[in-house]
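Spelled out, the chains give:
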Amino acid sequence: MQRNNSFYKLLGNQHFYSFSQKLFSTTAFEKKIVNDLVKKKPANILDIGCGPAEILESIKNVNYYGFDINKNYIEHAKKRYRHNSKFFCKKFSAKKIKEKIKFDYVLLLGLLHHLNDKEVNFLLKDIKKVLKKNGTLLTYDPVYISNQNIIAKKFIDLDRGANVRTKKEYFRLLKKNFKNVKSKIYNQTFIPYTRLTTRCLI
Ligand SMILES: C[S@@+](CC[C@H](N)C(=O)[O-])C[C@H]1O[C@@H](n2cnc3c(N)ncnc32)[C@H](O)[C@@H]1O
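First, a word on what this report is: a plain description of the structure on this page. (Residues numbered from 1 in each chain as written. Predicted model: local features only at pLDDT ≥ 70, side-chain atom pairs only at ≥ 80, totals over all residues.)

## Quick notes on the site of the ligand
Argument step 1. By nearness alone, 18 residues border the ligand, and Gly-49, Gly-51, Asn-70, Leu-109 and Gly-110 come closest of all.
Argument step 2. Of the residues belonging to the shell around the ligand, the class tally is eight nonpolar, seven polar and three charged. (Near = placed C-beta within 6 Å. Nonpolar A, V, L, I, M, F, W, Y, C, P; charged D, E, K, R; others polar.)

## What about the nonpolar core?
Argument step 1. Of all hydrophobic cores here, the largest spans 45 residues; its most connected members are Ile-48, Val-106 and Leu-108.
Argument step 2. Those residues in contact with Val-106 that sit more than four places away from it in its chain are Leu-46, Ile-48, Ile-127, Leu-131 and Leu-137. (Core = buried A, V, L, I, M, F, W, Y, C linked by C-beta atoms within 7 Å. Buried ≥ 20, exposed ≤ 12 C-beta atoms within 10 Å, placed from the backbone. Contact = placed C-beta atoms within 7 Å.)

## Here we look at the pairing of strand 4 (residues 103-109)
Argument step 1. Counting buried positions along strand 4 yields seven of seven residues, so the element is predominantly enclosed.
Argument step 2. Here three bridges tie strand 1 (residues 43-48) to strand 4, and the two strands are oriented parallel to one another. The residue of strand 4 that forms the bridge with Asp-47 is Leu-107.
Argument step 3. Examined bridge by bridge, strand 4 and strand 5 (residues 131-144) share six bridges and lie parallel to one another. Bridging across to strand 5, Leu-107 finds its partner in Leu-138.
Argument step 4. You can see the chain leave strand 4, run along helix 5 (residues 117-130) and come back into strand 5, and the turn it takes is right-handed. (Helix = DSSP H or I, 4+ residues; strand = E, 2+ residues; numbered from the N terminus. Pairing = 2+ DSSP bridges. Right-handed = clockwise from strand over helix to strand, strands pointing away.)

## Brief notes about the pairing of strand 3 (residues 85-88)
Argument step 1. Relative to strand 3, strand 2 (residues 62-67) runs parallel, the two being bridged by four bridges. Along strand 3, the bridge assignment pairs Phe-67 with Phe-88.
Argument step 2. As for the winding sense of the linkage, the β-α-β connection from strand 2 through helix 4 (residues 71-80) to strand 3 is right-handed.

## As for unusual backbone geometry
Argument step 1. The omega torsion across Lys-41 and Pro-42 is -5 degrees, close enough to zero to call that bond cis.
Argument step 2. Counting through the fold element by element, Pro-42 comes out in the loop between helix 3 (26-37) and strand 1.
Argument step 3. Here the amide bond leading from Phe-190 into Ile-191 is cis, since omega sits at -15 degrees, within 30 degrees of zero.
Argument step 4. A positive phi angle, near 60 degrees, is found at Ser-25, a position not held by glycine.
Argument step 5. The topology assignment puts Ser-25 in the loop between helix 2 (14-23) and helix 3.
Argument step 6. Its identity as a non-glycine residue notwithstanding, Ala-53 has a phi of 65 degrees, on the positive side.
Argument step 7. Tracing the chain through its elements places Ala-53 in the loop between strand 1 and strand 2.

## Some remarks on the environment of Tyr-73
Argument step 1. With respect to the helices and strands, Tyr-73 occurs in helix 4.
Argument step 2. Each C-alpha atom of the pair Tyr-73 and Gln-14 lies 5.5 Å from the other, and the pair is 59 residues apart in sequence.
Argument step 3. When sequence neighbours within four positions are dropped, the list of residues in contact with Tyr-73 reads Gln-14, Gly-51, Pro-52 and Asp-68.

## What about the environment of Glu-30?
Argument step 1. Mapped onto the secondary structure, Glu-30 falls in helix 3.
Argument step 2. The class of Glu-30 is buried, set by 24 C-beta atoms lying within 10 Å.
Argument step 3. Sequence separation of Glu-30 and Ile-55 is 25 residues, and the distance between their C-alpha atoms is 7.2 Å.
Argument step 4. Sequence-distant contacts of Glu-30, that is, excluding residues within four places in its chain, are made with Ile-55 and Leu-109.

In structure tokens:
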């Protein structure tokens with residue numbers, strides 16, 4: 001579920017969204033995560049909740065499928081990244097991919113905290129249908145931790161995604177579908193923010 005009052009509607013504009021991603025260093029964070037963890041090239045990549053797909057500035061030599069429910073983001077992505085990319089303005093489901101393709105990596109960069117537990121379970125089951133046996137699911141989301149910086153906690157409370165969880169709660173959902181789940185918590189000092197990344201294998 002996403003919060004949807006007029007402030008959050010502003011974030012639906014691609015320019016405002018990209019600015020906020022840069023302000024919170026999320027763009028740089030994602031670039032680092034993807035450069036560290038997406039090792040296999042060329043690779044088939046499925047990015048669910050891809051936003052304007054600016055991650056494509058950081059990963060080259062990939063065959064990329066992006067899904068997002070925001071029309072503005074997807075239109076921007078279609079204009080900017082035509083090469084080796086397909087975009088869908090839809091919720092993801094395995095049935096929506098017509099080609100017989102399996103993915104080396106599935107990215108959920110900032111998506112899980114937009115979904116309730118039932119939606120996450122449904123999504124993870126569907127992802128397994130299109131992920132290669134030796135493929136990897138990569139996620140990152142804001143996370144609640146104990147003794148959290150109060151400013152970081154405040155920003156996270158205000159996130160558009162209404163389902164920010166603790167590490168234990170994210171793990172419980174991921175472990176239902178993936179045997180091997182490794183994670184790391186990143187505490188950003190300026191602007192204070194806390195993120196959890198996970199790397200999941202079937
Ligand atoms: C925090 S943003 C992350 C966007 C992008 N991955 C990035 O890192 O810049 C979350 C995105 O998930 C999208 N979203 C929310 N619910 C969705 C759903 N059920 N299916 C697909 N996308 C969804 C939103 O439109 C938004 O673009």
